[in-house]
Amino acid sequence: MPPFDSARFTLWLPQILCAVFLAILFLQSGLDKVVDWKGNLGWLTGHFAKSPLKGLVTPMLAVITLMELAAGALSAAGAVALVASGNPFLAYLGAVLSALSLLALFFGQRMAKEYAGAAVLVPYFVVALAGVYLLRLS
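What counts and how
- Counting restarts for each chain, with residues numbered from 1 along the sequence as it is written.
- In keeping with the predicted nature of the model, local features appear solely for residues at pLDDT of at least 70, side-chain atom pairs appear and are counted solely at 80 or more, and the whole-chain, interface and lining totals rest on all residues.
- Only heavy atoms go into the side-chain values, all of them from the structure, while hydrogens and water stay out.
- A run of H or I in DSSP becomes a helix once it reaches four residues, and a run of E becomes a strand once it reaches two; helices and strands are each numbered from the N terminus.
- Only protein chains enter the accessibility calculation, which uses a 1.4 Å probe; a residue whose area is less than 20% of its type maximum is buried, one above 50% is exposed, and one in between is partly exposed.
- Note on areas: Shrake-Rupley with a 1.4 Å probe; residue coverage comes only from the protein chains shown.
- In this charge count, Lys and Arg are treated as positive and Asp and Glu as negative; neither His nor the chain ends contribute.
- A single reference atom marks each charge: NZ on Lys, CZ on Arg, CG on Asp, CD on Glu.
- UniProt positions are given in the numbering used here, feature names are shortened, and annotations may be inferred rather than shown by experiment.
- For our purposes a nonpolar core is just a set of buried Ala, Val, Leu, Ile, Met, Phe, Trp, Tyr and Cys residues, chained together by side-chain atoms within 4.5 Å.
- Salt bridge criterion: a side-chain nitrogen from Lys or Arg within 4 Å of a carboxyl oxygen from Asp or Glu.
- For helices, the fitted line uses only the C-alpha atoms of the stretch in contact; every axis is such a line through C-alpha atoms, and the angle between N-to-C directions lies from 0 to 180 degrees.
- By definition in this entry, angles of less than 35 degrees are roughly parallel, angles greater than 145 are roughly antiparallel, angles of 65 to 115 are roughly perpendicular, and the rest are oblique.
- The crossing is said to be left-handed when, going from far helix to near helix, the turn is anticlockwise and less than a right angle, and right-handed when the turn is clockwise.
- Contact between two residues is taken to exist if any of their heavy atoms lie within 4.5 Å; hydrogens are not considered.
- Two rings belonging to Phe, Tyr or Trp (six-membered ring only in the last case) form a pair when the distance between their centres is within 6.5 Å. Interplanar angles under 30 degrees mark stacking, angles over 60 mark edge-to-face geometry, and anything in between is tilted.

## Quick look at the overall build of the protein
Each helix and strand counted, the protein has 5 helices and 0 strands in total. Beginning at the N terminus, the succession of helices and strands in the protein can be written as α-α-α-α-α. Counting only C-alpha atoms and orienting by the principal axes, one finds that the protein spans roughly 55 × 25 × 15 Å. Within the protein, the proportion of its 138 residues that are buried is 37%. Counting only carbon and sulfur atoms, one obtains 74% of the accessible surface of the protein, whose full area is about 7,700 Å². Taking the average place of the 8 positive charges on the side chains of the protein and the average place of its 5 negative ones, the gap between the two points comes to 12 Å.

Now the structure itself:
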């Protein structure tokens, strides 16, 4: 962690905040899918019943679960690395994978014609993009 009164701290603080935010978001979401696989699969099967993706729900759920868990784990490890050594690389990878995960979720919501659900993802995507930008500055 850089000294509080340094110019480096001004960049480090939003970097760490983005990394921790994305770690919480995706670890919780991914772990929820693992813990309640059947419930999520049932809900998503109904959600995509009238979409072109209706036959792909199980593999889509598996892929998005792995993407979310990886995004969350990389973001969490990146936050630890930022505190321990100031190295933003893992957090950067976590932010990139977070953005890709959100694009996959956004695509699914749009294909299911769940436009309100797609719109809810936009602020999360903005945070992920901010993380990608801020973490690449180092």
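## Quick word on the UniProt feature "transmembrane region" (unreviewed entry) in the protein
In the numbering adopted here, UniProt assigns the feature "transmembrane region" (unreviewed entry) to residues 12-31, 60-83, 89-108 and 115-135. This span, residues 60-83, is 100% helix and 0% strand, and a straight line between its end C-alpha atoms measures 34 Å.

## Considering the nonpolar core
Formed by 25 residues in total, the largest nonpolar core has its most connected members in Phe48 and Leu82. Of all elements in the fold, only helix H1 (7-35), helix H3 (57-84), helix H4 (89-111) and helix H5 (115-136) reach the threshold of two or more residues within this core. Here this core takes 7 residues from H3, the largest share from any one element.

## Side note on the environment of arginine 136
In this fold, arginine 136 is placed in helix H5. A relative accessible area of 57% places arginine 136 in the exposed class. Distance in space between the C-alpha atoms of arginine 136 and proline 88 is 7.7 Å, their sequence separation being 48 residues.

## Concerning unusual backbone geometry
Residues other than glycine seldom take positive phi values, yet lysine 113 does so here, at roughly 60°. Locating lysine 113 in the fold gives a position in the loop between H4 and H5. Residue classification places lysine 113 among the exposed positions, given a relative accessible area of 62%.

## Considering the pattern of salt bridges
All chains considered together, the criterion is met by 1 salt bridge. In this structure, glutamate 68 engages lysine 33 in a salt bridge whose closest nitrogen and oxygen atoms are separated by 3.1 Å. Residue glutamate 68 is located in helix H3, and its partner lysine 33 is located in helix H1; the two are separated by 35 residues in the primary sequence. Using a relative accessible area of 11% as the deciding quantity, one classes lysine 33 as buried.

## Topic: the packing of helix H2 (residues 37-47) against H3
At a minimum axis separation of 10 Å, H2 and H3 run at an interaxial angle of 125°. With respect to their mutual orientation, H2 and H3 come out oblique. The chirality of how H2 crosses H3 is right-handed. Two secondary-structure elements touch here, H2 through Trp37, Asn40, Leu41, Leu44 and Thr45 and H3 through Val57, Thr58, Leu61, Ala62 and Thr65.

## Structural notes on the packing of aromatic side chains
Here the structure, examined in full by the defined rule, presents 3 aromatic pairs. Their ring planes at 35° and their centres at 5.6 Å tell us that phenylalanine 9 and tryptophan 12 sit as a pair that is tilted. One end of the pair, phenylalanine 9, and the other, tryptophan 12, are both in helix H1, 3 residues apart, so they sit about a helical turn from each other. Residue tryptophan 12 is classed as buried on the basis of its relative accessible area, which comes to 5%. By the ring-pair criterion, three or more aromatic residues cluster together here, those being Phe4, Phe9 and Trp12.

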